[in-house]
Amino acid sequence: MKIKQDTKQFLFEEDRPFASCHASTVIAFPDGDLLVAYFAGSKEGNPDVGIWCSRRTNGSWSKPYLVADEPDLVHWNPVLFRRDDGQIVLHYKVGHPIPEWYTRVTVSNDDGKTWSKPVELVPGDIGGRGPVKNKLIQLQDGTWIAPASLEGRFWDAFADISPDQGLTWTASEPVPVLHEFEEEGEYPAGAELIRGKGIIQPTVWESEPGHVHMLARSTAGFIYRSDSSDSGRTWSPAYRTYLPNNNSGIDLARMDNGVLVLAYNPIGMYRGPRTPLLLSFSLDNGETWEQLKVLEGEYTSYSVPIEYGEFSYPAVIAQGNHIHVTYTWKRERIVCWSMELEFDES
């Protein structure tokens, strides 16, 4: 597999209407146009942070426009999803501190120009239901699976499941892990010890009907994986992959031919530098990975980054033979890479 052609764009220029932005999410329209959302304001965690959008039409990006800004509420981690009928669903978190945030949902029936009044996704939720950073997916039977996580004393990943296209949600049990410093007897049989708080912000895919998999960010220096054979209701104990992780966000997309494309910072260091940002692919359902492209940053001969910017929190989607990747660029701007992939006929 190789990249046939690719294009890198900044969504907006340096004279943006906010000081800082982060945590982008992207959807594609049938004609190839894109819609990207992100949180932005003076600084992450401040009350003036809201949810903004940018739209790419015929290759050109609109000016950023504000879509969610509830007074005195901190806004976080938007997640876009386009339904089969064309309606766009936007989930995002509000509240502070993070362990006490909760999820809002709003919809657009005009391709993201206007949005409904936001409501709670799950009434009474504290801690965060629905997608926490990465996109939800629709299984072959129509079920929605939202990759979710909680950040309390320990970090835990789970799946939020909706059989009725977002009307109701049921949370799976947490992915079994053995947290460091957890009291003996509290952990599930077969669970693997994870240094630090645990795993969060999973990205999910379905390999065949009902078989769902996740990769998750961790505090242990590696990306962790879990698998489900019952459409996300129960999960195997999380197990370590050989992919390094710096306790920063990752995302993955499954192409129509089964190829997986993953964006991540390949740094196996807790709170390590969020650079470089790498795009890799897998031809065997995530068992092994090959480098496709370094999106930002460089390596030394010892695989230690030589520049210490921040290129982080990628979002990845697939559309036919095309891949779109958005990510944070130094907390100042959002980048979008669009690329067409070419596959060996053999």
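Higher on the page you've got the structure.
Reading the values: the criteria
Residues numbered from 1 in each chain as written. Predicted model: local features only at pLDDT ≥ 70, side-chain atom pairs only at ≥ 80, totals over all residues. Heavy atoms only, no water. Salt bridge = Lys/Arg side-chain N within 4 Å of Asp/Glu carboxyl O. Helix = DSSP H or I, 4+ residues; strand = E, 2+ residues; numbered from the N terminus. Buried < 20%, exposed > 50% of the residue type's maximum accessible area, 1.4 Å probe, protein only. Disulfide = S-S within 2.5 Å. Pairing = 2+ DSSP bridges. Axes fitted to C-alpha atoms, helices over the stretch in contact; angles between N-to-C directions.

*Asks:* Help me out: how do you make sense of the pattern of salt bridges in this one?
*Replies:* Any two side chains of opposite charge can pair, given that their charged atoms come close. A complete count under the given rule lists 16 salt bridges for this structure. For Glu-44, the salt bridge is made with Arg-331, and the minimal N-O distance between the two is 2.4 Å. Within this pair, whereas Glu-44 is found in the loop between β3 (34–41) and β4 (50–57), its partner Arg-331 is found in the loop between β26 (322–329) and β27 (333–342), the two being separated by 287 residues in sequence. Between Glu-70 and Arg-104 there is a salt bridge, and its shortest N-O distance comes to 2.9 Å. Here Glu-70, found in the loop between β6 (65–68) and β7 (75–82), pairs with Arg-104, found in strand β9 (residues 102–108); they are 34 residues apart in sequence, far enough to count as distant. Judged by relative accessible area, which is 15%, Arg-104 ranks as buried.

*Asks:* Teacher, can you tell me more about the state of the cysteines here?
*Replies:* Every disulfide links exactly two cysteines, by a covalent bond between their sulfur atoms. Overall, the coordinates contain zero disulfides when judged by the stated rule. Of all cysteine sulfurs in the structure, the one in Cys-21 sits closest to Cys-53, which takes part in no disulfide; the separation is 13 Å.

*Asks:* Help me understand the sheet that holds strand β14 (residues 170–171) in this model?
*Replies:* Strand pairing in a sheet relies on backbone hydrogen bonds, with the paired strands running either antiparallel or parallel. On the basis of which strands lie adjacent, the open sheet formed by four strands has the order β11-β12-β13-β14 and antiparallel pairing. Pairing within the sheet leaves two strands with one partner each, and these edge strands are β11 (137–138) and β14. Of the pairings in the sheet, the one linking strand β12 (residues 144–151) to strand β13 (residues 155–162) comprises eight bridges and is antiparallel in character. Paired with Ala-146 across the bridge in β13 is Asp-160.

*Asks:* Could you clarify how one ought to interpret the sheet that holds strand β23 (residues 277–282) in this entry?
*Replies:* The sheet built from four strands is open, its strands ordered β21-β22-β23-β24 with antiparallel pairing. Of all the strands in the sheet, the pair left with one neighbour each is β21 (251–254) and β24 (290–296). For this sheet, the mean inter-axis angle between neighbouring strands, taken without regard to orientation, is 20 degrees. Two elements, β23 and β24, share five bridges in a ladder whose sense is antiparallel. In the sheet register, Ser-280 faces β24, and the bridge partner there is Gln-291.

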